[in-house]
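Notes for the structure review
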Amino acid sequence: MTELNSWSGRPFGAAPPVGPEESFVHAASAGDLNADGLPDLVLCDQQKKTVAVFVNKGDGTFRRSFLQETGRAPYAVTVGDVNGDGRQDIVVGYLSAVGSVFFNTSNGTAFREIPWNDGKGEVYEIGIGDVDQDGWPDIVAARSGAASGIWFNMK
């Protein structure tokens, strides 16, 4: 019997650090934000209340291409094409605050922020998927202090 995705037993190697040394990153996600075929990183700093994009340089290192101060403590993040334009967007959940969708308006260096959800509870995890099967991705959030929920994409 063959196991799929079985671990080879080799340890992971050390990699160069990403982001500032003095940070309180609570949430991270990866996705190809600049459409170059390499996974870029999104790091959310809960203490500094920032969302940052680090573009993959292709050599195991990353450079920051975007930094947004949100004024809210980010607690969960995911990357996916929420508006169907072929570009990866960023969805952020916060601690007891209205969430953010950062629509990718260029090559991972500029984003347009819009609010989503009701701001209740703490968003611990976010998923993107076409829950209602209408062809458009929806946002699913796991929360504490409020009911978890689905926010349907209204096109």
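Up top you'll find the structure we're talking about.
Owing to the predicted nature of the structure, the values given are computational and were not obtained by experimental measurement.

A few points about the side chain of R143
Tracing the sequence through the fold places R143 in strand β10 (residues 138-144). Looking at R143, its side chain comes within polar contact range of the side chain of D118, at 2.5 Å. Only 3.0 Å separates the side chain of R143 from the backbone oxygen of K120, close enough to count as a polar contact. The residues contacting R143, other than those within four sequence positions of it, are D118, K120, E122, V123, Y124, S148 and W151.

Comments concerning the pattern of salt bridges
In the structure shown here, the tally under the stated rule is three salt bridges. The salt bridge partner of R87 is D85, with a shortest N-O separation of 3.3 Å.

Focus: the packing of aromatic side chains
Where two aromatic rings form a pair, the distance of their centres and the angle of their planes describe that pair. Scanning the entire structure with this criterion turns up four aromatic pairs. For the ring pair F66 and F102, a centre distance of 6.2 Å and an interplane angle of 70 degrees mean the geometry is edge-to-face. Taken together, the residues span a long stretch of sequence, with F66 in strand β4 (residues 62-69) and F102 in strand β7 (residues 99-104) at a distance of 36 residues. Residue F102 is classed as buried on the basis of its relative accessible area of 0%. Through a chain of ring-to-ring contacts, three or more aromatic side chains come together here, namely F66, F102 and F111. The cationic tip of R72 hangs over the ring face of Y94; the distance from NZ or CZ to the ring centre is 4.3 Å.

Observations concerning the nonpolar core
Across soluble globular proteins, nonpolar side chains have a tendency to be buried as a group. Core analysis: the biggest nonpolar cluster contains 16 residues, and V42, V53, I90, V92 and F102 have the highest contact counts within it. Among the nonpolar cores identified, the runner-up in size contains ten residues, and V91, F103, W116 and V123 belong to it.

Some remarks on unusual backbone geometry
Residues other than glycine predominantly adopt negative phi, and peptide bonds predominantly adopt the trans conformation. Even without being a glycine, A35 presents a positive backbone phi close to 55 degrees. Turning to its location among the elements, A35 is positioned in the loop between β1 (25-31) and β2 (40-45). Unlike most non-glycine residues, K49 shows phi in positive territory, near 60 degrees. Looking at the secondary structure, you find K49 in the loop between β2 and β3 (50-56). Taking relative accessible area as the criterion, K49 reaches 34% and is therefore assigned partly exposed.

Definitions and cut-offs
- Residues numbered from 1 in each chain as written.
- Predicted model: local features only at pLDDT ≥ 70, side-chain atom pairs only at ≥ 80, totals over all residues.
- Heavy atoms only, no water.
- Helix = DSSP H or I, 4+ residues; strand = E, 2+ residues; numbered from the N terminus.
- Polar contact = N/O pair within 3.5 Å; in protein donor to acceptor, adjacent residues only side chain to side chain.
- Contact = heavy atoms within 4.5 Å.
- Salt bridge = Lys/Arg side-chain N within 4 Å of Asp/Glu carboxyl O.
- Phe/Tyr/Trp six-rings, centres within 6.5 Å; stacked < 30°, edge-to-face > 60°.
- Buried < 20%, exposed > 50% of the residue type's maximum accessible area, 1.4 Å probe, protein only.
- Lys NZ or Arg CZ within 6 Å of the ring centre and 35° of its normal.
- Core = buried A, V, L, I, M, F, W, Y, C linked by side-chain atoms within 4.5 Å.

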